[in-house]
Amino acid sequence: MALRKYFEIEKKPHQGLLTVEWVILGYWLLTLLFVLFTSTKMQDSEALIWGRVKVLAVMVAMWAVYRMIPCRFTLLCRVTVQLALLSWWYPDTYELNRILPNLDHLFAGYEQQLFGCQPALLFSETVTNPVFSELMYLGYVSYFPLIAVITAFFFFWRYAEFNRAVFVILASFFLYYVIFIFLPVTGPQYYYEAVGLDQIAQGIFPNVQDYFATHNALPSMPGYSDGFFYDCVANAHATGERPTAAFPSSHVGITTILVFLAWRAKSRLLFYGLLPFYILMCLATVYIRAHYLIDVIGGWVSAVIFYILLQSFWTLAKRRY
């Protein structure tokens, strides 16, 4: 009986696009216009446009499936597809922001001014213990599993709040993607290798300008390279990582939002189970040189702002309709 309820036809199914799908459609339109107006500078604008056509087709297809069989299961499929498509949208930010001048020299400089050093460089060089390294990579690799856990928890145990939760998660992603497009910062792992660690150690941060427009080879990662979780991150980076999306840290921002949602769910097991991975995530982003420390701080601040704004938007939208 419990399983059957997920396939029961809903009495009042949502007929149009979900609120989060409207957000994604807005991002789709914004980036399509960006591609069209800058197509002469793009390396393969046709592929970017065609990719958007296919993404739109997938969205329409999933909407049609839900309209034919409006039940909880098809709604979950609809949301799951949008979560899966994040793996397409993320590297797409690089294809868009690579036509803009890189800003890493400014952020590395801000880091030096604020902390008197480069924490991303010193952290991994100072702490070389293999166990600690593996914990850092465990924290980093837990990113998408944590999103899946929160999504599944709301679907199975807090269904009345499910649409709100996925709206906050997915809308946050696309807000971060907008920032990443217009604020091209690659992060320490790419920038340090591009200019040389000797210059970074001396506090010299050259302006690489459009270097990353044509250089996107994945740099080596610090830490215990024979570890299982190190390999997991390395393999994930090999398939989808690009020199993009450093400030603010969406890894920190999204997981902070997941912590807020876990607290809202009023489940101690969920909240306290998530907390250790959250702490590891915040440390790991700096340890593996994916982010500057100011990116982490930016992730915290942006997460609070996005969470409050999106929760408020959801409440206002539901009152209106």
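Placed above this text is the structure.
Undergrad: Help me understand the nonpolar core in this model?
TA: A general tendency of soluble globular proteins is for nonpolar side chains to be buried together. In terms of nonpolar packing, the biggest core is built from 94 residues, with Ile150, Phe173, Phe174, Tyr177 and Tyr191 touching the most fellow members. Filtering out sequence-adjacent residues up to four positions away, Tyr191 remains in contact with Asp104, His105, Ala108, Thr186, Ile200, Phe205, Pro206, Val208, Phe212 and Tyr292.

Undergrad: Would you mind going over a nonpolar patch on the surface with me for this structure?
TA: Among the surface-exposed residues, Leu114, Phe115, Ile297, Trp300, Val301, Ile305 and Leu309 lie close enough to one another that they form a single nonpolar patch of about 640 Å² accessible area. If you list the elements that add at least two residues to the nonpolar patch, you get helix H5 (104-115) and helix H15 (293-320). Counting through the fold element by element, Leu114 comes out in helix H5.

Undergrad: Explanation requested: unusual backbone geometry in the structure shown.
TA: What you tend to see is this: most non-glycine residues have negative phi, and most peptide bonds are trans. Cis rather than trans, the peptide bond between Phe247 and Pro248 has omega equal to -10°. Here Pro248 shows up in the loop between helix H12 (228-240) and helix H13 (250-264). Even without being a glycine, Lys266 presents a positive backbone phi close to 60°. Mapped onto the elements, Lys266 comes out in the loop between H13 and helix H14 (268-287). Note on Lys266: relative accessible area 75%, which makes it exposed. A positive phi is found at Arg289, a non-glycine position, where the angle reads about 70°.

Undergrad: Just checking my understanding: could you explain empty space enclosed by the protein for this structure?
TA: One simple way to see leftover space: roll a probe sized like a water molecule over the atoms. Overall, the coordinates contain one cavity of 30 Å³ or more when judged by the stated rule. Quantified by volume, the largest cavity comes out at close to 90 Å³. Around the largest cavity sit 16 residues that line it, and Asn97, Arg98, Asn102, Pro184 and Phe212 are the ones nearest its centre.

Undergrad: Just checking my understanding: could you explain helix H7 (residues 130-141) for this structure?
TA: An α-helix turns once per 3.6 residues; consequently, residues spaced three or four apart project the same way. Its 12 residues place the ends of H7 16 Å apart at the C-alpha level, agreeing with the 16 Å of an ideal helix rising 1.5 Å per residue. All of the buried residues in H7 are Ser133, Glu134, Met136, Tyr137, Gly139 and Tyr140. The N-cap residue of H7 is Asn129: its side-chain oxygen and the backbone nitrogen of Val131 are 2.8 Å apart.

Undergrad: Sorry if this is basic, but what is going on with the packing of aromatic side chains here?
TA: Two aromatic rings, taken as a pair, are described by how far apart their centres are and by the angle between their planes. Overall, the coordinates contain 38 aromatic pairs when judged by the stated rule. Ring centres 5.6 Å apart and planes at 35° place the aromatic pair Phe153 and Trp157 in the tilted group. Within this pair, Phe153 and its partner Trp157 are both found in helix H8 (residues 143-157), separated by four residues, close to a single helical turn. Taking the relative accessible area as the measure of exposure, Phe153 reaches 12% and is therefore buried. Residue Trp157 is classed as exposed on the basis of its relative accessible area of 57%. An aromatic cluster is present here, built from Tyr27, Trp88, Trp89, Tyr143, Phe144, Phe173, Phe174, Tyr176, Tyr177, Phe180 and Phe306 joined pairwise through their rings. The ring of Tyr159 carries Arg72 above its face, with NZ or CZ at 3.9 Å from the centroid.

Undergrad: How should I be thinking about the pattern of salt bridges in this particular structure?
TA: Opposite charge on two side chains allows them to pair when their charged atoms are near. Enumeration according to the criterion identifies five salt bridges in this entry. The salt bridge partner of Arg52 is Asp92, with a shortest N-O separation of 2.5 Å. A residue pair is termed long-range when its members are at least 10 positions apart, and Arg52 in helix H2 (residues 45-68) and Asp92 in helix H4 (residues 86-97) qualify at 40 residues. As far as burial versus exposure is concerned, Arg52 and Asp92 are alike and both buried.

Undergrad: Would you mind going over the side chain of Gln82 with me for this structure?
TA: The topology assignment puts Gln82 in helix H3 (residues 72-84). According to the relative accessible area criterion, Gln82 is buried, its value standing at 2%. Those residues in contact with Gln82 that lie beyond four places of it in its chain are Glu21, Ile24, Met59 and Leu170.

Undergrad: I tried to follow the packing of H8 against H14 on my own but got confused; where do I start?
TA: A pair of packed helices is characterised by two quantities: the angle between their axes and the separation of those axes. Between H8 and H14, the least distance of the axes is 11 Å, while the angle of their chain directions is 160°. Classed by the angle they form, the pair H8 and H14 counts as roughly antiparallel. As H8 runs across H14, the sense of the crossing is left-handed. Between H8, through Tyr143, Leu146, Val149, Ile150 and Phe153, and H14, the contact on the second element is made entirely by Leu270, Leu274, Phe277 and Met281. Broken down by class, the residue content of the contact of H8 with H14 amounts to nine nonpolar, no polar and no charged.

Undergrad: What is the right way to look at the layout of surface pockets in this model?
TA: Taken as a whole, the largest pocket encloses approximately 760 Å³ of empty space. What lines the largest pocket is a set of 38 residues, and nearest its centre among them are Ser87, Tyr143, Phe144, Ile147 and His251. Breaking the lining of the largest pocket down by element, the ones donating at least two residues are H3, H4, H7, H8, helix H9 (162-182), helix H10 (188-195), H12 and H13. Ranked by the residues each element gives to the lining of the largest pocket, the list is headed by H8, at eight residues. Its residues placed into classes, the lining of the largest pocket shows 24 nonpolar, 12 polar and two charged.

Calculation notes
- Residues numbered from 1 in each chain as written.
- Predicted model: local features only at pLDDT ≥ 70, side-chain atom pairs only at ≥ 80, totals over all residues.
- Heavy atoms only, no water.
- Core = buried A, V, L, I, M, F, W, Y, C linked by side-chain atoms within 4.5 Å.
- Buried < 20%, exposed > 50% of the residue type's maximum accessible area, 1.4 Å probe, protein only.
- Contact = heavy atoms within 4.5 Å.
- Patch = residues over 30% accessible without salt bridge, like charges linked within 9 Å, V, L, I, M, F, W, Y side chains within 5 Å.
- Areas by Shrake-Rupley, 256 points an atom, 1.4 Å probe, with all protein chains shown as cover.
- Salt bridge = Lys/Arg side-chain N within 4 Å of Asp/Glu carboxyl O.
- Helix = DSSP H or I, 4+ residues; strand = E, 2+ residues; numbered from the N terminus.
- 1 Å grid on protein atoms, 1.4 Å probe; cavity = no way out; pocket = protein on both sides within 12 Å on 5 of 7 lines; lining within 4 Å.
- Points joined across faces, edges and corners; volume = space filled by probe spheres on them.
- Expected span 1.5 Å × (residues − 1).
- Polar contact = N/O pair within 3.5 Å; in protein donor to acceptor, adjacent residues only side chain to side chain.
- Phe/Tyr/Trp six-rings, centres within 6.5 Å; stacked < 30°, edge-to-face > 60°.
- Lys NZ or Arg CZ within 6 Å of the ring centre and 35° of its normal.
- Axes fitted to C-alpha atoms, helices over the stretch in contact; angles between N-to-C directions.
- Parallel < 35°, antiparallel > 145°, perpendicular 65-115°, else oblique.
- Left-handed = near helix turned anticlockwise from the far one by under 90°.
- Nonpolar A, V, L, I, M, F, W, Y, C, P; charged D, E, K, R; others polar.

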